[in-house]
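For reference, the chains in residue letters:
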Amino acid sequence: MNVYDFDKTIYKGDSTLDFYVFCIKKQPLLILLLPIQILGFIKYKLGMITKLQFKETFYIFLKYVKNTDVKLIDFWIANKHRIQPWYIKQQKPDDLIISASPEFLLKPICNELGILYLIASVVDKDTGKCLSENCYGIEKTNRYYESYGDTIINEFYSDSLTDTPMAKMAQKSFGVKDKIHIPWNEFEMSNNHSSIKKEFILFIFVGIVNTINGVVFSSIFSLTLDGTLAFILGYAGSLTISYILNSTFVFKNTLSWVRFVKFCISYIPNFVIQFVMVFVFLHYFNLREIIVYTMSAILGVPITFLMVKFFALRK
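Everything numeric here is computed off the predicted structure, so don't read it as measured data.

What counts, and where the lines are drawn
Residues numbered from 1 in each chain as written. Predicted model: local features only at pLDDT ≥ 70, side-chain atom pairs only at ≥ 80, totals over all residues. Heavy atoms only, no water. Pairing = 2+ DSSP bridges. Helix = DSSP H or I, 4+ residues; strand = E, 2+ residues; numbered from the N terminus. Axes fitted to C-alpha atoms, helices over the stretch in contact; angles between N-to-C directions. Phe/Tyr/Trp six-rings, centres within 6.5 Å; stacked < 30°, edge-to-face > 60°. Lys NZ or Arg CZ within 6 Å of the ring centre and 35° of its normal.

Q: For this particular structure, what's the right way to read the sheet that holds strand β1 (residues 2-4)?
A: The pairing of strands in a sheet comes from backbone hydrogen bonds and takes either a parallel or an antiparallel form. Taken together, the 6 strands give an open sheet; going across it, the order is β3-β2-β1-β4-β5-β6, and neighbouring strands pair in mixed fashion. Of all the strands in the sheet, the pair left with one neighbour each is β3 (117-121) and β6 (180-183). Mean inter-strand twist for the sheet, computed between neighbouring axes without regard to direction, equals 25 degrees. Of the strand pairs in this sheet, β1 and strand β2 (residues 96-102) are connected by 2 bridges, and their pairing is parallel. Of the residues in β2, the one forming a bridge with Tyr4 is Ile97.

Here it is in structure tokens:
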């Protein structure tokens, strides 16, 4: 048996998102639900709700879709061409598709392609309620064992490292990047490198926001306080905002007091570098506060990134 992930593996894109956009084009008023969906996304990112709860919030649009079965047929008529040609060429009768996307969405195309075996998230197409756990990550292995026991997986294909538990079960596993398949160990290495690069770029972006916050806060405090004390208070304020942004958007971690304390500790080297610069350049070189605050904020970024990633917000 060969096992395949669906979205971005044998299907070009995200089928759930594509179906959502397809429904909005047919029923434009569904866009009115977007604020609720965005709020659900923010709450999920802040760790206030689970991924399953967020998905139910997103699927709220299904309550208002008219003639869902007809729309499913029309959707796959319009999107069947997104199935990867390389998969069609190597398709076998006992292939299994395993996906986090809704079962009701994938079943029509699997039937049309002659794919007999499908494991996916069970979602009520009329209400948007999730009737099973989200078929994602380790849950895929759980669902596989429930359905197929110790049946050997000859080959496994996926575009995501979240499917590593499934990849480890197969005799051969491949990472998929469009038409290219690479052995899983190489896929892990390339994705880890690109992930760190992406995180660093986002970290720099948050750092720019943090720098602006620190400069503004410190400058405001310096109007009534000593320059060094103003820097400390401004740094503390910007650090709090930095923790929220880094946890939510860069390293994708839930907020907690323990992580916040570790985050503050990881910034100690950065703070020491900046404090020394501020003290020296303010009191011995008599430079303007805003210039000193800006210069000092630029230093220590690589060290701070490593401390935050591998100590404070390590998964």
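On we go.
Q: What is the right way to look at the packing of aromatic side chains in this model?
A: Describing an aromatic ring pair means giving the distance of the ring centres and the angle of the ring planes. Per the counting criterion, the structure on display carries 26 aromatic pairs. Cation over ring: Lys51 sits above Tyr136, and NZ or CZ is 3.6 Å from the ring centre.

Q: I tried to follow unusual backbone geometry on my own but got confused; where do I start?
A: Note: most peptide bonds trans; most residues except glycine with negative phi. Notably, Lys8 is not glycine yet its phi reads approximately 65 degrees, a positive angle. As for its placement among the helices and strands, Lys8 is situated in the loop between β1 and α1 (15-26). Its identity as a non-glycine residue notwithstanding, Asn67 has a phi of 55 degrees, on the positive side. Along the chain, Asn67 falls in the loop between α3 (51-58) and α4 (68-79).

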